[in-house]
Structures are given as structure tokens and as C-alpha cells.
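Spelled out, the chains give:
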Amino acid sequence: MLEDKSPKKTELSSLGEFGLIEHLTRNFSLEQSTSVKGVGDDAAILQFGDRQSVISTDLLIEGIHFDLSYVPLKHLGYKAVVVNLSDIYAMNAMATQITVSVAVSNRFPLEALEELYEGIASACAIYNVDLVGGDTSSSTKGMLISVTAIGEVEKGNAVYRKGAKANDLLVVTGDLGAAYLGLQVLEREKEVYKVNPKNQPDLSMYSYLLERQLKPEARKDIIELLQKLEVRPTSMIDISDGLSSEILHLCKQSEVGCNLFEEKIPLDPTVIAGCEEFNLDSSLVALSGGEDYELLFTIGQDDYEKIKGNPNFTVIGHMTEAKEGAHLITRANTKLKLEAQGWNALN
Ligand code: ADP
Ligand code: MG
């Protein structure tokens, strides 16, 4: 046995997920001329001749990221791919390949893995990416899935989290908060089921919320649309952890501040109704819920005319000088400091 001679033990939760990543990677530098972008964005960028490859990876663990008591394996396979593709699109790149690694305990029969791979195949077909490898192993408990997505982007076309300027407009696609509410519905039904397994709930009124949670889509269509509209965002990120957390990433890396207007945050009517039912604040759900997999980006004011009136886009604020900080302007016109209460796997 290795003996631990170090008396120092720092709780990981004291650093938080992003603090931990920064800490662990702080002494690594990029030495290869082909390494264009390393740790710190939605994906890494590697340069080969005139072509750039974009790479992103995610690890999903049963009991932490998904609960198989209500997530069908087919949906899980689909979602595991989609959340990775979302990081590729967030670089303004197109996804081309994936690798998939799985570890399972002996609780899973072949049929379970076949179902998982049906979902993976469906995502590959819809997003036009090839499965080109992976790894398979056993685990002592539960299921682990890791997907790596690879994409490509023309040199000079990648969009980073860094690049937003003061006065740029802050734009979000689609609507926010539905995936989080879908999770609340599923968690509630799980509790009901525990008490009364014979209960057959009618969840049809929650179909949008459940779909957003169980079968999210990545916004490949938006990358194509931006190209068609000839809009090149100055910075971009996908919304996995919640709007406020992602805005703060853009602000930090771009060294700007931001004014976000609460009244502008796009919410589906079913999200507003669901928030009333669950007694939740809809803005808080949009700000902190996460798993929306929408794109959040900034554009120069000159590009506003090109996106104006397009139902895919909502201007929710603007960037400011860094010294002004990041703020939420509430419906009551009070200015609150924007805080990241995003989902944190380490807490
Ligand atoms: P996202 O939410 O877009 O998937 P993450 O918050 O997971 O991004 O990761 C942020 C950045 O940190 C990415 O560039 C990612 O590659 C990098 N990263 C995350 N975990 C590690 C790790 N253990 N070692 C090195 N880099 C990491
Ligand atoms: Mg991301």
C-alpha cells in the first residue's frame, strides 16, 4: 500500500469544478505547434495544414449525471452524443466523428447496451457523424459513458469564449429552463412511483419539458444559419450549466462586463406554467437550471440587422467594460450582481 505522508487534504468542493480544472492544468503549456487552443473553451483546436480539428470530451456517470430509473437507455445514448456535439457547434465548427467509451457492471445485459447504442446510432444519423472508436470495460457499480466528439472548422472561423467586446449584443437561441423543469417532473414522478407503483401518470402536458430533458438537441442548425446570414459571433459558448454561469465564462475570458435583462430571457409558456406548479422562479430556473444546450453568443452591433426578427434568436443584453461587472437588470429595474449558481458536480 502507498502510504500517504502528506497531512494536507483539501476538499475538492472548496475549489468547485472550474477552480479544480484551473488548478490541475495551471502548469501545462501548449508546446506543439499544432495545438491552437487548449484547456478552457468548449473544445480544443488542433491545426493540420489549413485545416483545424475541434475536439471535446465528456464523462457521464450513473447516479451523478443520469438516473436509469427514469431515463430510457436509448435516450441516454442519444443525449450522451448530443451534449458533446453541442460543444463542437459552440466553437462554430461542424462535428464529424465520435468515439464512445462505456463501462458497465454485471447488472446490465446485452440488450441494455444494444438499446444504448440504438440511441447513439440515431444521434450519429441525425447529426451526420461517424462512430470511429471507443473503449469497453466493466465497472464495479453502475454505468459510465464517455463520448469524445471531433469536428472541423476552417482556419480563422473558430469562435472562442474569448472575443466579446464592450457594446456587443448578447444573444441566446431557443428558450431556456425547460430541461431543468423536465428533471423536476421526472424526480417527482419517481417519488410518486415509489409510494404507488400502480399509478399511471398522464405526463402529456409535460411533453416539451420531458423532451428537453431526455432528448435534447444540439444547435447544428444555428451554426448553418449564422453562416447563411453571414454573422460571425465575437464569442460563443453552449448552455450546459445555466445561463448565468455561461455568461460569466464569456465575461471572464473576454475581459468584459455585461448587462443581462431579465424581461428578455426567452421562456416557453410551458416553462412558465411549470414554474408556477413547482413554485419556482422562472428567471432563476433559466439562469441556473442548465442542460438547455442552446447557444449563447455575442455579436457586434453592426450585425444586429442580420438577426433582427429571426425567431431563433433573442437579444438578452449587451456587454460592457470589465470594470462595470456582470449584472442582471431585473423586471423591477434593480441591478443585481450576476452570480453563477450553475450545476456543480463537485458539491
Ligand atoms: P463544458 O461544460 O463546455 O463541457 P467543461 O466545464 O467540462 O466544459 O470544461 C472546461 C474546459 O476544461 C474544457 O476545455 C475541458 O477540456 C477542460 N477540462 C475539463 N476537465 C479537465 C481535466 N480533468 N483535465 C484537463 N482539462 C480539463
Ligand atoms: Mg460547453
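- As recorded in an unreviewed UniProt entry, the chain goes by Thiamine-monophosphate kinase and comes from Poritiphilus flavus.
- Taken verbatim from the UniProt record of the chain, the Function (unreviewed entry) comment is "Catalyzes the ATP-dependent phosphorylation of thiamine-monophosphate (TMP) to form thiamine-pyrophosphate (TPP), the active form of vitamin B1."
- Checking UniProt for the chain, the heading Pathway (unreviewed entry) contains the comment "Cofactor biosynthesis; thiamine diphosphate biosynthesis; thiamine diphosphate from thiamine phosphate: step 1/1."

Considering the UniProt feature "binding site: Mg(2+) 4" (unreviewed entry) in the chain
At step 1: The residues that UniProt annotates with the feature "binding site: Mg(2+) 4" (unreviewed entry) are Asp42, Ser56 and Asp87. Spanning 46 residues, the named residues form one tight spatial group whose C-alpha atoms are at most 6.9 Å apart.
At step 2: With respect to the element layout, Ser56 can be found in strand S3 (residues 51–61).
At step 3: The buried category is assigned to Ser56, around which 26 C-beta atoms lie within 10 Å.
At step 4: What Asp87 contacts, discounting residues up to four positions off in sequence, is Asp42, Ala43, Ser56, Ala149 and Asp238.

Digging into the sheet that holds strand S4 (residues 94–104)
At step 1: The 6 strands lie next to each other as S1-S2-S3-S6-S4-S5, forming an open sheet whose pairing is mixed. Looking along the sheet, the strands with just one partner apiece sit at the ends: strand S1 (35–37) and strand S5 (130–138). For this sheet the average axis-to-axis angle between neighbouring strands, irrespective of direction, equals 25°.
At step 2: As judged from the 5 bridges shared by strand S2 (residues 44–48) and S3, these two strands associate in the antiparallel manner.

Focus: the domain arrangement of the chain
At step 1: Domain assignment breaks the chain into domain 1 (13–154) and domain 2 (169–337).
At step 2: One C-alpha centre belongs to domain 1, the other to domain 2, and the line joining them spans 22 Å.
At step 3: Listed as interface residues are 17 residues of domain 1 and, on the opposing side, 18 residues of domain 2.
At step 4: In terms of residue count, the dominant contributor to the side of domain 1 that touches domain 2 is helix H2 (residues 73–89) (9 residues).
At step 5: The class makeup of the residues in the side of domain 1 that touches domain 2 is 10 nonpolar, 4 polar and 3 charged.

Notes on helix H7 (residues 243–254)
At step 1: Across its 12 residues, H7 extends 16 Å between first and last C-alpha, which sits within 8% of the 16 Å expected from 1.5 Å per residue.
At step 2: Burial of H7 is extensive: 9 of the 12 residues sit out of reach of the surface.
At step 3: Three or more residues of H7 are buried, namely Leu243, Ser244, Ser245, Glu246, Ile247, His249, Leu250, Cys251 and Ser254.
At step 4: Here the buried face of H7 lies against strand S8 (235–238), strand S9 (256–261), helix H9 (282–288), strand S10 (295–299) and strand S12 (326–329).

Here's the deal with unusual backbone geometry
At step 1: Even without a glycine there, the phi angle at Asn128 is positive, about 60°.
At step 2: Mapped onto the secondary structure, Asn128 falls in the loop between helix H3 (110–127) and S5.
At step 3: Here the phi dihedral of Asn279 falls at roughly 55°; this positive angle occurs in a residue that is not glycine.
At step 4: With respect to the helices and strands, Asn279 occurs in the loop between helix H8 (269–278) and H9.
At step 5: The exposed category is assigned to Asn279, around which 6 C-beta atoms lie within 10 Å.

Topic: the nonpolar core
In globular proteins that are soluble, nonpolar side chains generally tend to be buried together.
At step 1: Counting residues in each nonpolar core, the largest one holds 86 residues, and the members touching the most others are Val81, Leu85, Ile88, Met91 and Ile247.
At step 2: When residues of this core are assigned to domains, at least three map to each of domain 1 (13–154) and domain 2 (169–337).
At step 3: When near neighbours in sequence (up to four residues on either side) are disregarded, Leu85 contacts Ala95, Tyr127, Val129, Ala149 and Ala218.

Describing the site of ligand 1
At step 1: The environment of ligand 1 is formed by Ile21, Leu24, Thr25, Val39, Gly40, Asp41, Asp42, Asp58, Asp87 and Ser240.
At step 2: Looking at the shell around ligand 1, the element that brings in the most residues is helix H1 (residues 16–25), giving 3 residues.
At step 3: By residue class, the composition of the shell around ligand 1 is 3 nonpolar, 3 polar and 4 charged.

Cut-offs applied
- Residues numbered from 1 in each chain as written.
- Chains lettered and ligands numbered in written order.
- Predicted model: local features only at pLDDT ≥ 70, side-chain atom pairs only at ≥ 80, totals over all residues.
- UniProt positions renumbered as here; feature names shortened; annotations may be inferred.
- Helix = DSSP H or I, 4+ residues; strand = E, 2+ residues; numbered from the N terminus.
- Buried ≥ 20, exposed ≤ 12 C-beta atoms within 10 Å, placed from the backbone.
- Contact = placed C-beta atoms within 7 Å.
- Pairing = 2+ DSSP bridges.
- Axes fitted to C-alpha atoms, helices over the stretch in contact; angles between N-to-C directions.
- Domains from an automatic or database assignment.
- Nonpolar A, V, L, I, M, F, W, Y, C, P; charged D, E, K, R; others polar.
- Expected span 1.5 Å × (residues − 1).
- Core = buried A, V, L, I, M, F, W, Y, C linked by C-beta atoms within 7 Å.
- Near = placed C-beta within 6 Å.

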